[in-house]
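Observations on the three-dimensional arrangement
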Amino acid sequence: MKIEFLDLKAQYKSIRKEINQAINDIINSSEFIMGKAVIELEEKVASYCGVKYGVGLNSGSDALFVALKALNIKKGEEVITTSFTFISTAEVIALLGAKPVFVDIDPKTFNINTSKIEEKITSKTKAIIPVHLYGQPADMDQIMKIAKKHKLYVIEDAAQAIGAKYNGQKVCSFGDIGCLSFFPSKNLGAYGDGGMLVTNNEKIAGYVRMWRVHGAKIKYYHDFIGDSSRLDSIQAAILLVKLKYLDEWSKKRAEKAKIYNQLFKETGIITPYVNPKCTHIYHQYTIRVKEKRDKLVDYLKQKGVPTMIYYPMPLYMQIAFKYLGYKKDDFPESEKASHEVLSLPVYPELNIKNQKLIVQKIKDFFK
Ligand SMILES: *Cc1c(COP(=O)(O)O)cnc(C)c1O
């Protein structure tokens, strides 16, 4: 049988009845926009993350964008983030005319290297956006300490890390704002686009609730310029079903990761490092391949083993950010990671037989 990188069909099969019922209920109610399902999901996701408020939005990117808007980040101001993440994290900063200021990563966790943040802080710095990459929390103790000392906001990009914990506490509950993505391939994925902003700050939540309906509290009376950015009810209903299974799925992902770790023993492959303070939810199981990574990818593809590279180019090297003036090797660890990382299939429905096969093919390549 063909190995999938992520088998969303298998997941659907396991919850088909509930999903179909949930979708049907929305269609029958005609509450497509801002219905009860959205409100219920907002409450449940906020409570799941250990925060007071959740506001459903179009996407994770939107959540990040409106987070910066809500904190009044303006043109010319600076926001610090990691140079090794999906573009959204930094794109939203640039979209507002603010300046993304990159920091290199810790080579072990792939997350922002907190010992290099303070040297980047200037009088224009307003916020830090740590990313919990691959499902492992960034070093939140250090980040919150630095933020407090320099009076900076913290926005957690938790698009890959819903439910992951740092010191036993869920991500999204450390900073001023947490941003979630429900993109279909995320651990809590919709059947389309979706996202959520979560916060303990009532004012921020209120602003974002108005933002997503064109800056209006009362329909057709607009207090400020906003946008159309809502999570739709069908997606919310689907996510309400899936949320019930999220912890069970995360547990299964961690089990698969453990099996890989065992299978890779004594192969020279560098398996994911887990910070003892963290519970990793394994959005990705990402190994480091010191040599011939790209050749390995081709070989595995031929053998029917799908893999992904998150990410082949650090943000500071992207053409889109050329205007920021960074040079090659400004962030050597991000650069190195981009040449060495390789994400393998990891999802609750993946079976051991296929895991063994994947590892065997990697061993064969290096033999
Ligand atoms: C997926 C992702 C986003 C963006 O989410 P969308 O819902 O696709 O807009 C932002 N940051 C990170 C780290 C992501 O992985």
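Quick note: structure is the one above.
The following paragraphs examine the structure supplied in this document. (Residues numbered from 1 in each chain as written. Predicted model: local features only at pLDDT ≥ 70, side-chain atom pairs only at ≥ 80, totals over all residues. Heavy atoms only, no water.)

So, about the overall build of the protein. Within the protein one finds 11 helices and 14 strands. In terms of C-alpha radius of gyration, the protein reaches 21 Å, essentially the compact-globule figure of 21 Å for 367 residues. The principal-axis extent of the C-alpha atoms belonging to the protein is close to 70 × 55 × 35 Å. Counting every position in the protein, which comprises 367 residues, the buried fraction comes to 53%. For the protein, the proportion of contacts with a sequence separation of at least 24, taken over those separated by at least 6, is 70%. (Helix = DSSP H or I, 4+ residues; strand = E, 2+ residues; numbered from the N terminus. Rg over C-alpha atoms; globule rule 2.2 N^0.38 Å. Buried < 20%, exposed > 50% of the residue type's maximum accessible area, 1.4 Å probe, protein only. Contact = heavy atoms within 4.5 Å.)

Inspection of the entire model under this criterion finds 15 salt bridges. As a salt-bridge pair, aspartate 330 and lysine 327 come within 3.7 Å of each other at their nearest N and O atoms. By relative accessible area, which is 30% here, aspartate 330 ends up partly exposed. A residue is classified by how much of its surface remains accessible, and lysine 327, at 54% relative accessible area, is exposed. Among the ionic contacts, a cluster of salt bridges with common partners joins Glu42, Arg209 and Arg212. (Salt bridge = Lys/Arg side-chain N within 4 Å of Asp/Glu carboxyl O.)

So, on to a nonpolar patch on the surface. A grouping of Ile27, Phe32, Ile33 and Met34 is seen on the molecular surface, where their side chains present a nonpolar patch of about 340 Å² in accessible area. One can find methionine 34 in the loop between α1 (8-29) and α2 (36-49). (Patch = residues over 30% accessible without salt bridge, like charges linked within 9 Å, V, L, I, M, F, W, Y side chains within 5 Å. Areas by Shrake-Rupley, 256 points an atom, 1.4 Å probe, with all protein chains shown as cover.)

For the rest of this paragraph, the subject is the side chain of threonine 85. Mapped onto the elements, threonine 85 comes out in the loop between β2 (78-82) and α4 (88-95). Within the structure, the side chain of threonine 85 is placed 2.9 Å from the side chain of threonine 89, a separation counted as a polar contact. Non-local contacts of threonine 85, meaning those with residues more than four positions away in its chain, are made with Val131, Leu133, Tyr311 and Leu315. (Polar contact = N/O pair within 3.5 Å; in protein donor to acceptor, adjacent residues only side chain to side chain.)

So, on to the sheet that holds strand β9 (residues 195-199). Ordered in space as β1-β9-β8-β5-β4-β2-β3, the 7 strands form an open sheet in which the pairing is mixed. On the outer flanks of this sheet lie β1 (53-57) and β3 (99-103), each paired with one strand and no other. Within this sheet the neighbouring strands show an average axis-to-axis angle of 25°, counted without direction. Of the strand pairs in this sheet, β2 and β3 are connected by 5 bridges, and their pairing is parallel. Residue pairing in the sheet places glutamate 78 in a bridge with lysine 99 of β3. Where helix α3 (residues 60-70) meets the sheet, it contacts β1, β2, β4 (125-129), β5 (153-157), β8 (177-181) and β9, and its direction lies at approximately 160° from that of β8. (Pairing = 2+ DSSP bridges. Axes fitted to C-alpha atoms, helices over the stretch in contact; angles between N-to-C directions.)

What follows concerns the pairing of β5. Counting buried residues in β5 gives 4 out of 5 residues, a clear majority hidden from the surface. Pairing geometry for β4 and β5, over 2 bridges, is parallel. Looking across to β5, one finds that alanine 127 is bridged to tyrosine 153. Handedness of the β4-helix α5 (residues 140-150)-β5 crossover: right-handed. Taken together, the 3 bridges between β5 and β8 define a ladder with parallel strand orientation. Counted as the bridge partner of glutamate 156 is glycine 178 from β8. (Right-handed = clockwise from strand over helix to strand, strands pointing away.)

Turning to the site of the ligand, a few remarks are in order. As a matter of local geometry, the ligand sits amid 16 residues, with Gly60, Ser61, Asp157, Ser181 and Lys186 nearest to it. Take glutamine 160: an N or O atom from its side chain is 2.8 Å from an oxygen atom of the ligand. Within the side chain of serine 181, a nitrogen or oxygen atom sits 2.6 Å from an oxygen atom of the ligand. When the free accessible area of the ligand is taken as 380 Å², the share hidden by the protein chains comes to 92%. Of all the secondary structure elements, the ones that give two or more residues to the shell around the ligand are α3 and α4. (Near = heavy atom within 4 Å.)

This part covers unusual backbone geometry. The linkage connecting tyrosine 310 with the following residue, tyrosine 311, adopts the cis geometry, with an omega of 10°. Here tyrosine 311 shows up in the loop between α9 (293-302) and α10 (332-340). Its identity as a non-glycine residue notwithstanding, tyrosine 282 has a phi of 50°, on the positive side. Inspection of the secondary structure assignment puts tyrosine 282 in the loop between β12 (278-279) and β13 (285-288). Owing to a relative accessible area of 6%, tyrosine 282 belongs among the buried residues under this scheme.

Turning to the nonpolar core, a few remarks are in order. Residues Leu41, Val45, Leu180 and Phe182 are the most contacted members of the largest nonpolar core, which totals 35 residues. Among the elements of the structure, α1, α2, β9, α7 (233-243) and α8 (246-263) are those that each provide at least two residues to this core. In contact with valine 45, not counting residues within four places along its chain, are Leu180, Met196, Val198 and Leu243. In this structure, Val66, Val79, Cys179 and Ile204 belong to the second largest nonpolar core, which totals 25 residues. (Core = buried A, V, L, I, M, F, W, Y, C linked by side-chain atoms within 4.5 Å.)

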